[in-house]
Amino acid sequence: METNLKNISNLINNQNNLEDEKKFKIASASLVCAIVDIAQIDHKKYCPLFKEKLNLEQNEFEQIRNEISNDALNIEDKVNYIKSALENNMFQIMEFLKILNKFAIANGCTAKSYREFELIRDKFLREFY
Amino acid sequence: MRLKKCSILYVEDDKTTQELIKEILISSCREVFVANDGKEGLALYKEKQPDIVLSDIAMPHMDGLEMSEEIKKLHPSQAIALFTAFSKSSFLKKAAELDISTYIMKPLDEEQFFNSLKYMVLEIEVSMRKGTAKNGN
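The structure reproduced in this document is the subject of the present report. (Residues numbered from 1 in each chain as written. Chains lettered and ligands numbered in written order. Predicted model: local features only at pLDDT ≥ 70, side-chain atom pairs only at ≥ 80, totals over all residues.)

Bringing the overall build of chain A into the picture now. Within chain A one finds 7 helices and 0 strands. Along its sequence from the N terminus, chain A presents helices and strands in the succession α-α-α-α-α-α-α. By sequence separation, contacts in chain A at least 24 residues apart represent 80% of the contacts at least 6 residues apart. (Helix = DSSP H or I, 4+ residues; strand = E, 2+ residues; numbered from the N terminus. Contact = placed C-beta atoms within 7 Å.)

The following block contains the structure:
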């Protein structure tokens with residue numbers, strides 16, 4: 001089955017809480033922006049992927065992108081938030097990481113952005129290794 | 001499942017690199033099978049059915065992507081990692097289509113290398129839970 005946020009959010013207890021879903025989407029998109037150089041993002045490639053995988057509209061993504069540009073991104077906080085939303089469940093976290101991996105290589109990939117993905121991946125999985 | 005319980009097929013044509021990585025793998029995994037190119041790797045894969053496949057990309061006879069494509073036809077959920085320097089975007093497009101689990105960057109960082117292997121072990125656990133693991137176990 002294709003991995004997307006819907007599959008994951010169905011597993012989250014508070015799936016009907018729109019505020020929580022929005023917070024989850026923002027945290028996820030923020031991590032994508034940490035992996036992929038946001039100034040270099042190819043909108044034609046990424047917008048459909050954001051919509052498909054994170055249910056994120058272009059205007060929502062633009063808003064997040066602007067917020068990140070104006071504010072230092074705390075990756076540790078985002079990772080901890082997502083882990084908690086996924087109830088620290090290894091299987092759900094792995095599904096989420098598959099999504100991040102897709103984003104990491106969607107626009108071609110540089111060693112720098114893949115390394116960033118690996119660092120984020122290992123923050124998620126440290127206790128499961 | 002832990003890395004110590006896993007069998008690994010390692011495919012590499014460069015003998016120096018092969019020896020180095022083989023030694024690292026032998027000390028960490030249950031069984032390590034080594035092949036010198038994609039063609040040999042595919043034959044060994046069919047015979048041994050390893051848990052994890054690690055492969056270089058550029059190799060004679062059959063490259064790592066062609067071999068991965070053949071393996072995925074046999075077992076779509078097979079965990080495969082490819083060594084790459086991320087220098088060719090054409091390779092990435094093909095690798096993404098094949099749903100390659102992990103990329104291992106050259107030059108090799110040993111800690112990241114092990115973390116990538118552990119990540120693949122977790123992936124196998126997820127496949128087992130979903131019932132899509134190749135041996136159905």
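Attention shifts here to the overall build of chain B. Check the secondary structure of chain B and you find 5 helices and 5 strands. Walking chain B from its N terminus toward its C terminus, one meets helices and strands in the order β-α-β-α-β-α-β-α-β-α. Its C-alpha atoms give chain B a radius of gyration of 14 Å, within 12% of the compact-globule value 14 Å for 137 residues. Along the first, second and third principal axes, the C-alpha atoms of chain B reach 35 × 30 × 25 Å. (Rg over C-alpha atoms; globule rule 2.2 N^0.38 Å.)

What follows concerns the sheet that holds strand β3 (residues 52-55) of chain B. All names here are of chain B. Here 5 strands make up an open sheet; going across it, the order is β2-β1-β3-β4-β5 and the pairing parallel. This sheet does not close on itself; its edge strands, each paired only once, are β2 (31-35) and β5 (102-105). On average, each strand axis in the sheet is tilted by 20 degrees relative to the strand beside it, whichever way the strands run. As judged from the 4 bridges shared by strand β4 (residues 79-84) and β5, these two strands associate in the parallel manner. Across the sheet, residue Ala 81 finds its bridge partner in β5, namely Thr 102. Across the sheet, helix α1 (residues 15-26) lies against β1 (7-11) and β2, angled at about 165 degrees from β2, the strand it touches most. (Pairing = 2+ DSSP bridges. Axes fitted to C-alpha atoms, helices over the stretch in contact; angles between N-to-C directions.)

One frequently used descriptor of interface size is the decrease in accessible area upon assembly of the parts. At the junction of the two partners, chain B supplies 14 residues and chain A supplies 16 residues. Counting residues per element, the ones that place at least two in the side of chain B that touches chain A are α4 (89-97), β5 and α5 (110-130) of chain B. A per-class count over the side of chain B that touches chain A returns 8 nonpolar, 3 polar and 3 charged. (Nonpolar A, V, L, I, M, F, W, Y, C, P; charged D, E, K, R; others polar.)

Glancing now at the packing of helix α3 (residues 43-54) of chain A against helix α6 (residues 90-106) of chain A. Residues and elements named next belong to chain A. Relative to each other, α3 and α6 sit at 175 degrees, their axes nearing to 11 Å. Compared by their axis directions, α3 and α6 come out roughly antiparallel. When α3 is examined against α6, the residues Lys 45, Tyr 46, Leu 49 and Lys 53 are found in contact with a partner set consisting of Ile 99, Lys 102, Phe 103 and Ala 106. (Parallel < 35°, antiparallel > 145°, perpendicular 65-115°, else oblique.)

Our next topic: helix α7 (residues 111-125) of chain A. Taking 1.5 Å per residue as the helical rise, α7(A) with its 15 residues ought to reach 21 Å, and the 21 Å between its terminal C-alpha atoms agrees with that figure. Looking at α7(A), one finds that the buried residues are Ser113(A), Tyr114(A), Phe117(A), Glu118(A), Ile120(A), Arg121(A) and Phe124(A). (Expected span 1.5 Å × (residues − 1). Buried ≥ 20, exposed ≤ 12 C-beta atoms within 10 Å, placed from the backbone.)

Turning our eyes to something else, we now look at the environment of Ile124(B). Locating Ile124(B) in the fold gives a position in helix α5. The spatial distance from the C-alpha of Ile124(B) to the C-alpha of Ala85(B) is 25 Å, given a sequence separation of 39 residues.

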